[in-house]
Amino acid sequence: MLALTRAEIDLGAIRHNVRLLCRHVGAGVRLMAVVKANGYGHGAVPVARAALDAGASWLGVASVAEGIALRDAGLRAPILVLGYTPPTLAAEAIRHDLSLTVYDVGIAREIGRVARVLDRLARVHVKVDTGMHRLGLLPHQVPHALAEISTTPGVHIEGVFTHLSSADSDPEYTLWQVQRFREATAGANVMLRHVCNSAGTLSYPQAHYDLVRVGIALYGLSPYAPLPPASPLVAHLRPALTLKTVIASVKWLPDGARVGYGGRYRCKGACRIAVIPIGYGDGFRRAPQNFGEVLVRGRRAPIVGNVCMDQSMIDVTHIPEAQLDDEVVLIGRQGDESITADEIAARLGTINYEVVTALTARPTRVYVDRT
Ligand SMILES: *Cc1c(COP(=O)(O)O)cnc(C)c1O
């Protein structure tokens, strides 16, 4: 193993989570594994393969580039590009059999023209903005737009969908969004209707429609944090990612010794300081807060001094057995202790999604199967 600092991804956990979610939605509902942003930092291609293997039938990505990367890796499942695709990217998208999100009649027509030049049909999913107020047609525009797009040469409407803004936290608003979706698409004759992200999938079975688009839950993380899980299923999800490294150096320093750039930390009494080869170049954040603590020999050790680009220092004075080459866990379990992405997110003032997605390309992704 060349990499000291690595993100171990348990593909068995991904499969377990997909099977759990497939069972939850039932046989009549398909599952789209959302693998945008390099599979939320876990690696899009291996996660996609594991998810398809365990029962997912669609893949979701943010952009045409992400979709093409999956095709280039040999994945043949249907792929929906969830973000904006301009007509200039339509030819490449169509050649790679990507389904595209559209919310504009003019763009749908241009995509249709491109498809006809290629002698192909562009598959599109019409996006409805029911209250997220990000991409999508407003509900009153939907009947007219669907009529126009459905008669546009070169375009086939494969789906119509919306995105929930508050399925983790606000039932009233969520049910209102679902209701608006139902009304806006009442007369539509389309193959696939879809509404739910992870929180929607777990909390709103009545909104599953034909397909659910699951991201964070696939990776074994709660879509509800910092709130307590609103679905008992969350307790059965298995986090797939463990971030770990090793101790690169350990030494005693005298009372008052300054540690790291700027000498921000000063030893109080003699202290034993270890160096770990991970820093903000790996996504191990420096400011305004760092990750706080790491695990050594199953115990918590505080990060001291400023996190550097490639290295950080931890205080192991209270862990006398700690020695060179010991395993250090930054996210995950070690012995009886664990540090979750949720815990780190709470410290950083963000959500677990950002903690895992912010890992850079440098920590080597190592794929394991613990089932
Ligand atoms: C990212 C995304 C999802 C998945 O959301 P999770 O909360 O991670 O399940 C679903 N739909 C759309 C449109 C998205 O952008």
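Keep in mind that this is a model prediction, so the values were computed, not measured.

This next bit is on the overall build of the protein. Within the protein one finds 11 helices and 20 strands. The C-alpha extent of the protein, read off along each of the three principal axes, is 80 × 40 × 40 Å. Across the 371 residues in the protein, those meeting the buried criterion constitute 56%. Counting only carbon and sulfur atoms, one obtains 53% of the accessible surface of the protein, whose full area is about 15,800 Å². The protein carries 39 positive and 33 negative side-chain charges, and their two centres are separated by 2 Å.

Looking at the assigned domains, one finds that the protein contains domain 1 (11–227) and domain 2 (241–339). A separation of 41 Å is found between the C-alpha centroids of domain 1 and domain 2.

If you check which residues of helix 7 (residues 142–150) are buried, you get Val-142, Ala-145, Leu-146 and Ile-149. All buried residues of helix 7 lie within an arc of 100 degrees about the axis, which places them on one face of the element. At its buried positions, helix 7 is contacted by strand 5 (98–102), helix 6 (105–117), strand 6 (122–128), strand 7 (155–162) and helix 8 (171–184).

Let us now look at the side chain of Asn-197. In this structure, Asn-197 sits in the loop between strand 8 (192–194) and helix 9 (198–203). Asn-197 gets classed as buried once you look at its relative accessible area, which sits at 17%. A polar side-chain atom of Asn-197 sits 3.0 Å from the main-chain amide nitrogen of Gly-200. When near neighbours in sequence (up to four residues on either side) are disregarded, Asn-197 contacts His-163, Leu-164, Ala-167 and Arg-213.

Let us look at the state of the cysteines. Taken as a whole and assessed by the stated rule, the structure comprises 1 disulfide. Across a sulfur-sulfur distance of 2.4 Å, Cys-267 and Cys-271 are joined as a disulfide pair. You can call Cys-267 buried: its relative accessible area is 3%. Here Cys-22 is not cross-linked by a disulfide; its sulfur's nearest cysteine counterpart is in Cys-196, at 14 Å. Residue classification places Cys-196 among the buried residues on the basis of a relative accessible area of 0%.

Once that is clear, we can look at the packing of helix 1 (residues 11–25) against helix 3 (residues 44–53). Between helix 1 and helix 3, the least distance of the axes is 8 Å, while the angle of their chain directions is 45 degrees. If you check the angle between helix 1 and helix 3, you find them oblique. Helix 3 is crossed by helix 1, and the crossing has right-handed handedness. Residues Leu-11, Ile-14, Arg-15 and Val-18 of helix 1 lie in contact with helix 3, whose contacting residues are Pro-46, Val-47, Ala-50, Ala-51 and Asp-53. Tallied by class, residues from the contact of helix 1 with helix 3 come to 7 nonpolar, no polar and 2 charged.

What follows is about the environment of Gly-159. Tracing the backbone shows Gly-159 in strand 7. Accessibility expressed as a relative area gives 0% for Gly-159, which makes it buried.

Generally speaking, a soluble globular protein has its nonpolar side chains buried in company with each other. If you look at the biggest cluster of nonpolar residues, it comprises 118 residues, and the most contacted ones within it are Val-35, Ile-149, Val-294, Val-296 and Ile-314. A domain-level breakdown of this core finds at least three residues from each of domain 1 (11–227) and domain 2 (241–339). If you look at the next biggest cluster of nonpolar residues, it comprises 10 residues, including Ala-257, Cys-267, Ile-273 and Met-313.

Enumeration according to the criterion identifies 18 salt bridges in this entry. Where Lys-244 meets Glu-327, a salt bridge forms, and the shortest distance between an N and an O atom there is 3.0 Å. With Lys-244 in strand 10 (residues 241–246) and Glu-327 in strand 18 (residues 327–334), this residue pair connects regions lying 83 residues apart in the sequence. We classify Glu-327 as partly exposed; its relative accessible area is 33%. In this structure, the salt-bridge partner of Arg-300 is Glu-343, at a minimum N-O distance of 2.8 Å. Here the residue Arg-300 occupies a position in strand 16 (residues 299–304), and Glu-343 occupies one in helix 10 (residues 341–348), the gap between them amounting to 43 residues. With relative accessibility at 28%, the residue Glu-343 sits in the partly exposed group. Overlapping salt bridges bring together Arg-6, Glu-8, Lys-244, Glu-327 and Arg-370 as one network.

Here we come to the site of the ligand. In the vicinity of the ligand lie 13 residues, with Lys-36, Tyr-40, Ser-198, Ile-216 and Tyr-353 positioned nearest. Within the side chain of Lys-36, one N or O atom sits 2.7 Å away from an oxygen atom of the ligand. Ser-198 is positioned with one of its side-chain polar atoms (N or O) 2.5 Å from an oxygen atom of the ligand. Burial of the ligand by the protein amounts to 92% of the accessible area it has alone, namely 390 Å². At the level of secondary structure, the elements contributing two or more residues to the shell around the ligand comprise helix 2 (36–40) and strand 9 (211–214). Partitioned by chemical class, the residues of the shell around the ligand number 6 nonpolar, 4 polar and 3 charged.

Reading guide: rules and limits
- Residues numbered from 1 in each chain as written.
- Predicted model: local features only at pLDDT ≥ 70, side-chain atom pairs only at ≥ 80, totals over all residues.
- Heavy atoms only, no water.
- Helix = DSSP H or I, 4+ residues; strand = E, 2+ residues; numbered from the N terminus.
- Buried < 20%, exposed > 50% of the residue type's maximum accessible area, 1.4 Å probe, protein only.
- Areas by Shrake-Rupley, 256 points an atom, 1.4 Å probe, with all protein chains shown as cover.
- Lys, Arg positive; Asp, Glu negative; His and termini not counted.
- Charge placed at Lys NZ, Arg CZ, Asp CG, Glu CD.
- Domains from an automatic or database assignment.
- Arc of directions from axis to C-beta.
- Contact = heavy atoms within 4.5 Å.
- Polar contact = N/O pair within 3.5 Å; in protein donor to acceptor, adjacent residues only side chain to side chain.
- Disulfide = S-S within 2.5 Å.
- Axes fitted to C-alpha atoms, helices over the stretch in contact; angles between N-to-C directions.
- Parallel < 35°, antiparallel > 145°, perpendicular 65-115°, else oblique.
- Left-handed = near helix turned anticlockwise from the far one by under 90°.
- Nonpolar A, V, L, I, M, F, W, Y, C, P; charged D, E, K, R; others polar.
- Core = buried A, V, L, I, M, F, W, Y, C linked by side-chain atoms within 4.5 Å.
- Salt bridge = Lys/Arg side-chain N within 4 Å of Asp/Glu carboxyl O.
- Near = heavy atom within 4 Å.

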